[in-house]
Amino acid sequence: MTGGAVVGLRGGRNFCILRAVTFGGFALGTREEIARRRTFAIISHPDAGKTTLTEKFLLYGGAVQLAGSVTARKNQRQSTSDWMELERKRGISISSTVLQFDYNGFRINLLDTPGHQDFSEDTYRVLTAVDAVVMVIDAAKGIEAQTRKLFAVCRRRNIPIFTFMNKLDRPTRDPLELVDELEHVLGIGAFPMNWPLGTGFSFRGLFDRLGRQVHLFEMGAGGAYRAPVEIATLADPLVRERLDDEEFRRVSEEVEMLDLAGNTFHPDDVLSGQTTPVFFGSARNNFGVQLLLDGFLTHAEPPRARTSRGSLVPVEHDAFSGFIFKIQANMDPRHRDRIAFLRVCSGKFTRDMTALHVQSGKNIRLSNAAKLFGRDRETVDEAYPGDIVGFVGQSLLGIGDTLTEDASIVYDEIPRFPPECFAILNNPNPAKFKRFREGLDQLLQEGVVQGFHPRNSAQQVPILAAVGPLQFEVFQYRLANEYGAEARLETTEWRFVRWVHPSTDPALLTPGILPTGAVLADDAHGQPVILFPGDWALGYFVEKHPAIQLGELPFENGATNSQRR
């Protein structure tokens, strides 16, 4: 056997951290391949350093030799994970990016997500495809609004959370205060895995609490390369040389207090979501990035079993299965293509295999399979649970759909959210209507923006609906840059959309029953909806027409939608 393995006991279960990719020249078996997978997302409030941290993981994983930055100057390399031109211009992540690389024998699937609240629905969907998250917090600002929302989603799904306190190379809040805020604001136990030796201009390194070692850092070339590290004990003279007497005394007292009065570290509490391991550092300068990556891989677990019709589907199940959690159009500007991203949940995927598309009842051949690295793609011949596979050109696939070799498996992982903003994109150039319509239809297939078609209207374009208004700006930008179709954005007065229960007599749905400003329309699946201009109109309709049941989300198979009104 080449390489080696570290074997231990976790919560009464054997676990193995694989350090070898081959055994005696033979490829790893299915169980070993699953055991070495780690699939996670990075979440944060905007501008906390999420995409920069993603870049540095790639740097330490050997996937890139020179890390980019979304805040880099124009003559410097741009972020690898942000592939969309608008992302580069605005310095934010707009779409979720899927990246895969190897590190120390692990196969890592890393999903970088948007931080802006207007793109939260895309982020929520991505969280269904991961087994853990790294939550990035700006150490100068602490926990912010979007962080709370994303944390709540992770908590509801029992996703293990690892915390990275970023930007220690700048003035920050007191580290003890930050840890206390985690526990009291988010209601989760926090265990500092390392402790900063100063902050801001006095930041000199980190003390690894479990390894009982000091990692001293030197400023590099803007964080483009791995950070130089010197390792010593806290009592080492080298540490005393780097810290002044006051800083050394403070750090020593804080470490002693944490050891005596702080929480005890239990790996099972991390996996159950009761405790978040806390790492400090600076992603921009690579300080603490490797400690975070190594600590995450040590304490995160391999892919989890997923639920189908109330029962868990083991990852070792012989039959291949997975679900679509994201659709992206035009990642390659040279082609008008469409990629459906699938999380493999069980069995083994092999290219050109045939699987059942549960929603249509059709067996489809899974060719044109690819793994993504930013905009670049590579053909995938096989994949295992935890891996993310992109299928190019499969127009039949939709968000939430199940692909499987076992017809009894149906996944229901994707959450739905009622849209809060509405707009209309008009085509100002009739000569380019075909191009405009093609782009509109393909972008709507991604599912982030919904389209509603008004009844009894001469209007040829749908009403657009999204969670946040910035989605419309992105939609308009992509129409122009990916399809060459200019569009004029028109705001509307609607504030709510409600789905009408399928059992409703169609004869009841006439324009005469609607309050002023309300519109009757159909969604992409032909289900009737009503758009209301405000609370009063919605309340008035519900009071006057109790026989018409409304729901905030589409009704599934005629079931009752509990979110009435």
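This section reports on the structure supplied with the text. Model, not experiment: these values are computed from the prediction.

Here the focus is the environment of Val136. By secondary structure assignment, the location of Val136 is in strand β8 (residues 132–138). Sequence separation between Val136 and Asp47 is 89 residues, and the spatial gap between their C-alpha atoms is 9.8 Å. When near neighbours in sequence (up to four residues on either side) are disregarded, Val136 contacts Ile42, Ile43, Ser44, Ala48, Gly49, Lys50, Leu53, Phe164 and Asn166.

Moving on, we get to the sheet that holds strand β30 (residues 463–466). Spatially, the 8 strands line up as an open sheet ordered β31-β28-β30-β29-β33-β34-β32-β35, and their pairing is antiparallel. A strand with exactly one partner marks an edge of an open sheet, and here the two such strands are β31 (488–491) and β35 (550–551). Where strand β29 (residues 450–454) lies against strand β33 (residues 519–522), 2 bridges are found, and the strand directions are antiparallel. Directly across from His453, in β33, lies its bridge partner Asp522. In this fold helix α12 (residues 470–483) packs onto β28 (421–426), β30 and β31, with an angle of close to 20° to the strand it touches most, β28. Contacting β32 (496–500), β34 (528–532) and β35, helix α13 (residues 535–544) crosses the sheet at an angle of about 135° to β34.

As a further point, take the side chain of Glu144. Residue placement: Glu144 occurs in the loop between β8 and α5 (145–156). The charged side chain of Glu144 is buried without a salt bridge, its nearest counter-charge being Lys141 at 4.6 Å.

Looking now at the pairing of β30. With burial as the criterion, each face of β30 is covered, one bearing Ile463 and Ala465 and the other bearing Leu464 and Ala466. Across 3 bridges, β28 lies against β30 in antiparallel orientation. Note on β30: the bridge partner recorded for Ala423 is Leu464. The pairing of β29 with β30 spans 3 bridges and is classified as antiparallel. When the sheet's bridge partners are listed, Gly451 is paired in β30 with Leu464.

So, how was this worked out
- Residues numbered from 1 in each chain as written.
- Predicted model: local features only at pLDDT ≥ 70, side-chain atom pairs only at ≥ 80, totals over all residues.
- Heavy atoms only, no water.
- Helix = DSSP H or I, 4+ residues; strand = E, 2+ residues; numbered from the N terminus.
- Contact = heavy atoms within 4.5 Å.
- Pairing = 2+ DSSP bridges.
- Axes fitted to C-alpha atoms, helices over the stretch in contact; angles between N-to-C directions.
- Buried < 20%, exposed > 50% of the residue type's maximum accessible area, 1.4 Å probe, protein only.
- Lys, Arg positive; Asp, Glu negative; His and termini not counted.
- Salt bridge = Lys/Arg side-chain N within 4 Å of Asp/Glu carboxyl O.

Distances and angles like these do not, on their own, reveal function.
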